[in-house]
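Structure at a glance
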Amino acid sequence: MQVVVKIGTSSITEADGTIKAEAIAKLTSEVAQAVTNGHQVVIVSSGAIGAGLPVLGLQQSLPQDSVTLQALSAVGQSRLMALYQQDFDSFGLICGQVLLAPQDFLERARYLHAQRTLNKLLHLGVVPIVNENDAVADDAIRWGDNDRIAALVAHLVHADLLLLLTDTAGVYTADPRVEPDAEIVREINNMRMMQELTAKAGGAGTTRGSGGMASKLAAASIASWSGVRTVIASADYLGVLEDAVGGQLDVGTTIAPQPQRISARKLWLAFAVPPRGVIWVDAGAQRAVMQQGASLLAVGITSHEGHFQAGDTVEVRGPEGEVFARGLTEVSATEMGSVVGLHSSELPSGLPDQVIHRDFLTVLSHAELSA
Ligand code: GLU
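Residues numbered from 1 in each chain as written. Predicted model: local features only at pLDDT ≥ 70, side-chain atom pairs only at ≥ 80, totals over all residues. Heavy atoms only, no water.

1. A few points about the layout of surface pockets
Within this model, the second largest pocket holds a volume of roughly 640 Å³. The wall of the second largest pocket is formed by 26 residues, among which Q195, T198, E315, V323 and R326 lie closest to the centre. Mapped onto the lining of the second largest pocket, the elements with two or more residues apiece are α8 (191–201), α9 (212–225), β11 (277–281), β14 (313–317) and β15 (323–328). In terms of residue count, α8 provides more of the lining of the second largest pocket than any other element does, six residues in total. (1 Å grid on protein atoms, 1.4 Å probe; cavity = no way out; pocket = protein on both sides within 12 Å on 5 of 7 lines; lining within 4 Å. Points joined across faces, edges and corners; volume = space filled by probe spheres on them. Helix = DSSP H or I, 4+ residues; strand = E, 2+ residues; numbered from the N terminus.)

2. Brief notes about the nonpolar core
Counting 50 residues, the largest nonpolar core has V4, L100, F105, V130, V153, L162 and F271 as its most contacted members. Of all elements in the fold, only β2 (40–45), β3 (95–100), α6 (108–123), α7 (146–156), β5 (161–166), α8, α9 and α11 (264–272) reach the threshold of two or more residues within this core. Setting aside anything within four residues of it in sequence, one finds L100 in contact with F105, A114, V130, N131, E132, N133, W143 and V153. Core analysis: the second largest hydrophobic core is formed by 35 residues, V41, V127, A235 and L241 among them. (Core = buried A, V, L, I, M, F, W, Y, C linked by side-chain atoms within 4.5 Å. Buried < 20%, exposed > 50% of the residue type's maximum accessible area, 1.4 Å probe, protein only. Contact = heavy atoms within 4.5 Å.)

3. Here we look at the packing of helix α3 (residues 48–55) against helix α4 (residues 66–89)
Viewed as axis vectors pointing N to C, α3 and α4 meet at an angle of 95 degrees, and their least axial separation amounts to 6 Å. What the angle tells us is that α3 and α4 run roughly perpendicular. For the pair α3 and α4, the contacting residues are A48, I49, A51, G52, L53 and V55 in the first and L69, L72, S73, V75, G76, Q77, R79 and L80 in the second. (Axes fitted to C-alpha atoms, helices over the stretch in contact; angles between N-to-C directions. Parallel < 35°, antiparallel > 145°, perpendicular 65-115°, else oblique.)

4. Some details on the pairing of strand β9 (residues 229–234)
Across the six residues that make up β9, a large majority, six, are buried. Alignment of β5 against β9, held across six bridges, turns out to be parallel. Bridge pairing in β9 links L163 to V231. Where β9 and strand β10 (residues 253–255) come together, three bridges link them in antiparallel fashion. Counterpart to V231 in the pairing with β10 is T254. (Pairing = 2+ DSSP bridges.)

5. Quick look at α7
The buried fraction of α7 amounts to 11 of the 11 residues, a majority that puts the element mostly inside the structure. Those residues of α7 lying buried are N146, D147, R148, I149, A150, A151, L152, V153, A154, H155 and L156. The opening residue of α7, the one whose side-chain oxygen lies 3.1 Å from the backbone nitrogen of D147, is D145. (Polar contact = N/O pair within 3.5 Å; in protein donor to acceptor, adjacent residues only side chain to side chain.)

6. Brief notes about the sheet that holds strand β1 (residues 2–7)
Taken together, the eight strands give an open sheet; going across it, the order is β3-β4-β2-β1-β5-β9-β10-β8, and neighbouring strands pair in mixed fashion. Each edge of the open sheet carries a strand with a single partner, namely β3 and β8 (187–188). Relative to the sheet, helix α2 (residues 21–36) contacts β1, β2, β4 (127–132) and β5, its axis offset from that of β2 by approximately 160 degrees.

7. Points about the sheet that holds strand β17 (residues 361–363)
Pairing in this open sheet of five strands is mixed, and the strands run β13-β11-β14-β15-β17 from one edge to the other. The sheet is open, and its two edges are formed by β13 (301–305) and β17, each paired on a single side. Averaged over neighbouring strand pairs, the angle between their axes works out to 25 degrees when direction is ignored. In this sheet, β15 lies alongside β14 in antiparallel orientation, the contact comprising five bridges. Paired with V314 across the bridge in β15 is G327. This element, α11, spans β14, β15 and β17 of the sheet and lies at about 90 degrees to β17.

Right under this line is the structure:
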């Protein structure tokens with residue numbers, strides 16, 4: 001089985017950034033066991049910025065400016081890798097560092113390049129360890145959270161399983177830190193359930209990790225559309241990798257894959273960057289987009305929300321409020337008021353009637369419509 005395992009900052013570093021050596025030792029020994037059992041594993045590891053803090057004496061408060069964060073990541077990343085390799089040495093395994101940027105998923109040549117490298121490493125029996133290329137990633141074009149990267153990597157290597165390790169036992173019906181009655185959800189098998197749980201999940205889980213449960217669910221959606229099963233589970237669970245590979249439901253929360261896998265480019269359009277707004281459309285426009293693969297025209301739009309610019313990713317929702325597509329809008333939120341509901345002949349000059357061109361639109365729920 002091909003597996004991508006992602007571990008977050010709060011699971012492998014203390015609050016002051018000190019690397020939790022025992023957490024890395026646990027992960028490497030479970031990965032080594034999986035490799036011995038014939039599986040291929042890619043690790044996506046956070047913690048570079050955190051690990052840099054004590055080294056540079058900045059552990060009292062997390063700096064916010066991006067240049068200092070970049071510098072911290074450069075210092076922390078090499079220390080993290082040294083620990084991983086030291087632990088893998090005792091199992092006779094080699095790990096290799098792969099730092100990725102969003103462009104690696106945007107440009108086809110770079111995507112294929114990254115794919116070839118990762119496949120070669122796996123073929124050579126190496127455990128690739130992926131992180132975002134934080135040291136040079138600037139704020140304008142970066143992911144900032146490794147959950148999303150892990151999901152895109154799972155698509156890239158055609159993984160069977162994406163395992164997101166975190167500091168809770170899985171996804172709960174409500175925030176268990178606030179509501180003691182919250183219950184763990186063992187299985188998410190439709191997008192509506194996913195949307196409801198995402199809406200409840202809120203923001204980042206800790207002040208140090210950038211992810212939080214909403215970001216894990218967003219990653220699980222990406223994986224699901226890539227045909228990959230996701231498990232969200234606790235990094236402390238002993239044997240988590242083996243139990244997740246074995247398909248045990250009580251390991252955490254399992255998110256089922258969608259039957260069809262979408263292309264890398266459509267995946268990028270839908271998921272590589274978070275949506276900046278929402279466009280609501282009527283039933284006719286929804287049908288045209290979903291069943292005929294049409295572009296989204298101004299005439300079918302009923303309302304919009306958010307401060308998006310032309311070129312930003314937006315979510316497209318049907319009359320019932322369900323998200324059924326994502327795409328790049330050609331019309332900004334400010335211009336939207338002058339095009340909503342209008343036919344091509346009625347549009348002010350200079351504004352396109354195709355608000356989202358079909359080539360820049362990813363339909364997300366054929367299955368939901370027919371259900
Ligand atoms: N790439 C960041 C780091 O290594 C972590 C991003 C995240 O928290 O997901 O520090």
